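# Summary of structural features
Here are the chains, one letter per residue:
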Amino acid sequence: MEVYLDNSATTQVDGKIIKLMNKYFSENYGNPSSLHDFGRRAKESLDKSREIIAKKINTNKDEIIFTSGGSESNNLALNILKEGDHLITTKIEHPSIFETAKNLERKGIKVTYLNVNKEGFVDLDELKKSINKNTKLVSIIHGNNEIGVIQDLEAIGKICKNILFHTDAVQSFCKINIDVNKFNLSLASFSSHKIHGPKGVGALYVKKGLELNKMILGGHQEMNKRGGTENVPGIVGFGEAIKLIKENDIKRIGELRDFLIKELLKIPRTRLNGSKNKRLCNNINISFELIEGEGLMLHLDMKGVKVSTGSACSSQTLEPSHVLIAIGLPHEIAHGSIRFSLSKNTTKKELLYTIKKVKEVAKLLRKISPLKDDTK
Ligand SMILES: Cc1ncc(COP(=O)(O)O)c(C=O)c1O
């Protein structure tokens, strides 16, 4: 049996979306900047997707620009800062924020990295205290990609009165309601491939009147905020992916998540990382004491179960996840952590198989583990 439980890394593109996208490769292949009929039709299709995203976050379509994905949207948002500005972000951001913030520091921008508590929540008092007269931007991830914790953007937005507020909503988009007005957001990042759309497509919400520091110079596409011919098939696919998400799917995924958490925590010496209640409907992150996460992941892979040891990027290094360290896990426990992420395609049968395999592999690895059980 093959069980794909790495949907926070990416999702399977829906068959209906592929069918629709195909038309935009072979029939409606015009360049949206062209003035003739082919171009006009392509532009109309872009605008339809723009409208779908805008509606989903309670704004207007002229405040949405398309990008190559969540990483580019995050880079573009943070690059609004100039030397002397102050940025406030957190210790649990995705690398596309974290690395951009580090790069900005080298350019003379001051950065504060907020702590989180053991459930993964930002301390609102620390945020308030960190604001100074140079603070221009606060960037806080909405739903965390590793531990699933959901931050209270409404409360954070109230604190960011005269400051720009950006959120990385790549994992939360279409899973939790986002209202850019209610949350007082100026910028927000989205990605298509986390919601069964194609890879290489994303969007950035940019509040009306806000000038970006253009990163890709070229034509005047995307309201002159991002040069380059738009990925029309991808953008159409992104819009369709949003349309296909149903409230019921989100509810069902959440129920499956709770079932998997309950069953996995029956394994001795396991713990759930991240908040139990305020967590993405599809995220489960469990630490297995006395086990190396990589070993567990590879053994599960051999049995057909695909999971990850943190975010896809950090799973390629031997450093423990910065997110798990930020919530206070000791290194050896952080190393024994596995992320299981579900989608609308996940079935109970797949989860029953997964639980059985995790139990078998955990038992085997603990038997041969060189890690010492110091509680005995
Ligand atoms: C929270 C978060 N932000 C940003 C990204 C980057 O998105 P993309 O893969 O579209 O560049 C990801 C992808 O894993 C993510 O999980």
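Residues numbered from 1 in each chain as written. Predicted model: local features only at pLDDT ≥ 70, side-chain atom pairs only at ≥ 80, totals over all residues. Heavy atoms only, no water.

## Section: the overall build of the protein
- Helices and strands together make up the secondary structure of the protein, namely 13 helices and twelve strands.
- A compact globule built from 376 residues should have a C-alpha radius of gyration of about 21 Å, and the protein, at 21 Å, falls within 12% of that.
- Taking the principal axes of its C-alpha atoms as reference, the protein extends roughly 75 × 50 × 30 Å.
- Here the protein holds 376 residues, and the buried ones make up 56% of them. (Helix = DSSP H or I, 4+ residues; strand = E, 2+ residues; numbered from the N terminus. Rg over C-alpha atoms; globule rule 2.2 N^0.38 Å. Buried < 20%, exposed > 50% of the residue type's maximum accessible area, 1.4 Å probe, protein only.)

## Re the sheet that holds strand β6 (residues 164–168)
- A sheet is described by the order of its strands in space; here seven strands give the open sequence β2-β8-β7-β6-β5-β3-β4, paired in mixed fashion. Of all strands in the sheet, those bounded by a partner on one side alone are β2 (64–67) and β4 (110–114). Neighbouring strand axes in the sheet, compared pairwise and without regard to direction, differ in orientation by 20 degrees on average.
- Here β6 runs beside strand β7 (residues 187–191); their pairing, made up of three bridges, is parallel. Counterpart to His-166 in the pairing with β7 is Leu-187.
- Against the sheet, helix α4 (residues 95–106) makes contact with β3 (86–90), β4, β5 (135–139) and β6, and its axis sits at roughly 145 degrees relative to β4, the strand it touches most. (Pairing = 2+ DSSP bridges. Axes fitted to C-alpha atoms, helices over the stretch in contact; angles between N-to-C directions. Contact = heavy atoms within 4.5 Å.)

## Some points on the site of the ligand
- Taken together, the neighbourhood of the ligand is formed by 14 residues, with Ser-71, Asp-168, Gln-171, Ser-191 and Lys-194 sitting nearest.
- A distance of 2.8 Å is found between an oxygen atom of the ligand and a backbone nitrogen or oxygen belonging to Gly-70.
- Residue His-193 places a side-chain N or O atom 2.9 Å away from an oxygen atom belonging to the ligand.
- Protein chains bury 86% of the 400 Å² of accessible surface belonging to the ligand in isolation.
- Per-element tally for the shell around the ligand: the top contributor is helix α3 (residues 70–78), with three residues.
- Each residue belonging to the shell around the ligand can be placed in one class, and the counts come to two nonpolar, ten polar and two charged. (Near = heavy atom within 4 Å. Polar contact = N/O pair within 3.5 Å; in protein donor to acceptor, adjacent residues only side chain to side chain. Areas by Shrake-Rupley, 256 points an atom, 1.4 Å probe, with all protein chains shown as cover. Nonpolar A, V, L, I, M, F, W, Y, C, P; charged D, E, K, R; others polar.)

## Points about the side chain of Glu-93
- As for its position among the elements, Glu-93 is in the loop between β3 and α4.
- Lacking a salt bridge, the buried Glu-93 has Lys-91 as its closest oppositely charged neighbour, with an N-O distance of 12 Å.
- Within polar-contact distance, the side chain of Glu-93 engages the backbone nitrogen of Ile-141 at 3.0 Å. (Lys, Arg positive; Asp, Glu negative; His and termini not counted. Salt bridge = Lys/Arg side-chain N within 4 Å of Asp/Glu carboxyl O.)

## A closer look at the domain arrangement of the protein
- According to the domain assignment, the protein consists of domain 1 (3–11 + 246–363) and domain 2 (15–244).
- Centre-to-centre separation of domain 1 and domain 2, based on C-alpha positions: 26 Å.
- In this complex, domain 1 contributes 32 residues to the contact, which on the side of domain 2 involves 32 residues.
- Summing the contributions of domain 1 and of domain 2, the shared interface buries around 2,500 Å²; its carbon and sulfur component is 54%.
- Considering only the surface of domain 1 that becomes buried against domain 2, Thr-11, Leu-280 and His-322 emerge as the three largest contributors, covering 23% of it.
- Across the domain 1-domain 2 interface, the total number found is zero salt bridges.
- Seen at the junction of domain 1 and domain 2, the total is 18 residue pairs in polar contact (both at pLDDT 80 or more).
- Of all the elements, helix α11 (residues 322–326) adds the most residues to the side of domain 1 that touches domain 2, at four residues.
- Among the residues forming the side of domain 1 that touches domain 2, the class breakdown is nine nonpolar, 16 polar and seven charged. (Domains from an automatic or database assignment. Buried area = accessible area lost by both parts, 1.4 Å probe.)

## Points about the sheet that holds strand β10 (residues 283–288)
- Sheet architecture is open: three strands sit in the order β9-β10-β12, paired in antiparallel fashion. In the strand order of this sheet, the two ends are held by β9 (270–272) and β12 (337–341), each with one partner. Strand-to-strand twist of the sheet, defined as the mean angle between neighbouring strand axes without regard to direction, takes the value 25 degrees.
- Across three bridges, β9 lies against β10 in antiparallel orientation. Across the sheet, residue Leu-272 finds its bridge partner in β10, namely Ile-286.

## Here we look at the nonpolar core
- By size, the foremost hydrophobic cluster in this structure holds 54 residues, and its most contacted members are Phe-173, Phe-190 and Phe-238.
- The biggest single contributor to this core is helix α8 (residues 232–244), with seven residues.
- Of the residues that make up this core, three or more belong to each of domain 1 (3–11 + 246–363) and domain 2 (15–244).
- With sequence-adjacent residues up to four places away left out, Phe-173 is seen in contact with Ile-53, Lys-56, Ile-57, Ile-178, Phe-190, Ile-195, Phe-238 and Ile-242.
- Judged by nonpolar contacts, the second largest core, of 31 residues, contains Phe-259, Ile-286, Ile-291 and Phe-340. (Core = buried A, V, L, I, M, F, W, Y, C linked by side-chain atoms within 4.5 Å.)

## What about α8?
- Between its terminal C-alpha atoms α8 stretches 18 Å, which fits the 18 Å expected from 13 residues at 1.5 Å a residue.
- The buried fraction of α8 is high, at twelve of 13 residues.
- Looking only at α8, the buried set comprises Val-232, Pro-233, Gly-234, Ile-235, Val-236, Gly-237, Phe-238, Gly-239, Glu-240, Ala-241, Ile-242 and Leu-244.
- Tucked inside the fold, the buried residues of α8 contact α1 (15–26), α2 (37–56), β2, β7, β8 (202–206) and α9 (247–264).
- Regarding α8, its N-cap is Asn-231, as a side-chain oxygen of that residue lies 3.0 Å from the backbone nitrogen of Gly-234 further along. (Expected span 1.5 Å × (residues − 1).)

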